[in-house]
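Survey of secondary and tertiary structure
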Amino acid sequence: MKILVLGGAGYIGSHTVYALLDAGHSVVVADNLLTGFRSAVHPEAKFYLGDIRDIHFLNDLFAREKVDVVIHFAACSLVGESVKDPLKYYDNNLYGTKVLLEAMVSNGVDKIVFSSTAATYGEPKRVPILEGDPTEPTNPYGETKLAMEKMFKWVSNAHGLRYVSLRYFNACGAHESGRIGEAHNPESHLIPLILQVPGGKRPFISIFGGDYPTKDGTCVRDYIHVMDLAQAHILAAQYLLNGGASDIFNLGNGVGFTVKEVIDVARAVTGHPIPARMEDRRAGDPAQLIASSDKARSVLGWNPQHADLEEIVASAWKWHHTHPNGYEE
Ligand code: UDP
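As the structure is a computational prediction, the values presented were derived from the model and not from experiment. (Residues numbered from 1 in each chain as written. Predicted model: local features only at pLDDT ≥ 70, side-chain atom pairs only at ≥ 80, totals over all residues. Heavy atoms only, no water.)

Each helix and strand in the protein chain was counted, giving ten helices and 14 strands. For the protein chain, the C-alpha radius of gyration of 19 Å lies close to 20 Å, the compact-globule estimate for 329 residues. The 329 residues of the protein chain split such that 56% are buried. For the protein chain, contacts bridging at least 24 residues in sequence account for 77% of all contacts bridging at least 6. For the protein chain, the exposed area adds up to about 13800 Å²; of that, 51% sits on carbon and sulfur atoms. (Helix = DSSP H or I, 4+ residues; strand = E, 2+ residues; numbered from the N terminus. Rg over C-alpha atoms; globule rule 2.2 N^0.38 Å. Buried < 20%, exposed > 50% of the residue type's maximum accessible area, 1.4 Å probe, protein only. Contact = heavy atoms within 4.5 Å. Areas by Shrake-Rupley, 256 points an atom, 1.4 Å probe, with all protein chains shown as cover.)

And the structure:
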């Protein structure tokens, strides 16, 4: 199949491009490179520089490239930033998706897989979380992703387009080659920050809160390998091509690890003592986020291959210690 990957220079997008090419598909990437990196894009993918808020760019792209499915990663994804600058998220995530849908409808492109997030649930009432559980986002990032899902639903109703929304839990790890990996500036995610300590860029890791109602008092998250996420996108695209109905799926391993447990795994993987310092809670952090991904397993046939946290952290470490400044020279 021929796939257009929007945001294919970003973290999860770039890994999905590698997986798509590996599976023999034809791949076109578009990215505005505001947070993505040109060198993260696989050399065999055709690259277009442009912004999804630019209708002329999209119309031109759809005229040139007859794509079967769009995979849409082109969004801002930092919780803290979204609280400080909500309109940036409404503009890029919501308005950008509105323009994209307009272009898809007018160009007759009717299948899309897109990134959603566990942040759509907010503070969960129970774990593991099922797709039908209440969605009450606690920040503009989750709010705009939830609004995107609803926009897809209504546009699908009106124009017959079909979509799959994938709600990721905590994406982490890197491609086995060590050529691409996670690179945010500034970095805010736990595993890359922990690995900055053995990488010599940070003297200690901060633990945001030790008084949560969890087994050791620190937050519990469901860490899912980025290549397992990439596989889910391929399966979702195939599902739509096979006539599958629009739907929403959680993507996680169904197992929770505390912040302290993740630090311990990183100590074992790197052989570094990784000093840790307890700090106050970070605003808006739920105590526990654990996915039920039974639906993705049964409907899409998804079967994560890299669930072991040591393997996940080792793959991240392979990337970070060979690229201490990410993609920047
Ligand atoms: N966290 C932490 N120290 C850090 C960064 C994150 O203790 O320097 C915690 C954070 O409070 C959360 C977990 O690690 O409980 C995962 O955070 P991350 O930002 O990686 O992902 P999120 O769960 O916010 O999507």
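And the narrative resumes.
Across the sheet, seven strands lie side by side as β3-β2-β1-β4-β5-β6-β11; this open sheet has parallel pairing. Strands at the two margins of the open sheet, each flanked by one partner only, are β3 (46-49) and β11 (247-251). Direction aside, the axes of adjacent strands within the sheet are offset by 20° on average. Here strand β4 (residues 69-72) runs beside strand β5 (residues 111-117); their pairing, made up of three bridges, is parallel. Considered in β5, the bridge of V70 is made with I112. Each of β1 (2-6), β2 (26-31), β3 and β4 touches helix α2 (residues 55-64); the most contacted strand, β3, lies at about 160° to it. (Pairing = 2+ DSSP bridges. Axes fitted to C-alpha atoms, helices over the stretch in contact; angles between N-to-C directions.)

Turning next to helix α7 (residues 226-241). Spanning 16 residues, α7 covers 23 Å between terminal C-alpha atoms, matching the ideal 22 Å at 1.5 Å per step. Turning to α7, its buried residues number three or more, namely V226, M227, D228, L229, A230, A232, H233, I234, A236, A237, Y239 and L240. After α7 finishes, the residue G243 shows a positive phi value of roughly 95°. (Expected span 1.5 Å × (residues − 1).)

Around the ligand lies a shell of 15 residues, among which L190, S206, R221, R282 and D285 are the nearest. Contact distances for the ligand include 2.7 Å between a nitrogen atom and a backbone N or O atom of S206. If the ligand stood free it would expose 510 Å²; the protein chains cover 88% of that surface. Where the shell around the ligand is concerned, the elements lending two or more residues are α6 (190-195) and β8 (205-208). When residues of the shell around the ligand are assigned to their parent elements, the largest contribution, four residues, is made by β8. (Near = heavy atom within 4 Å. Polar contact = N/O pair within 3.5 Å; in protein donor to acceptor, adjacent residues only side chain to side chain.)

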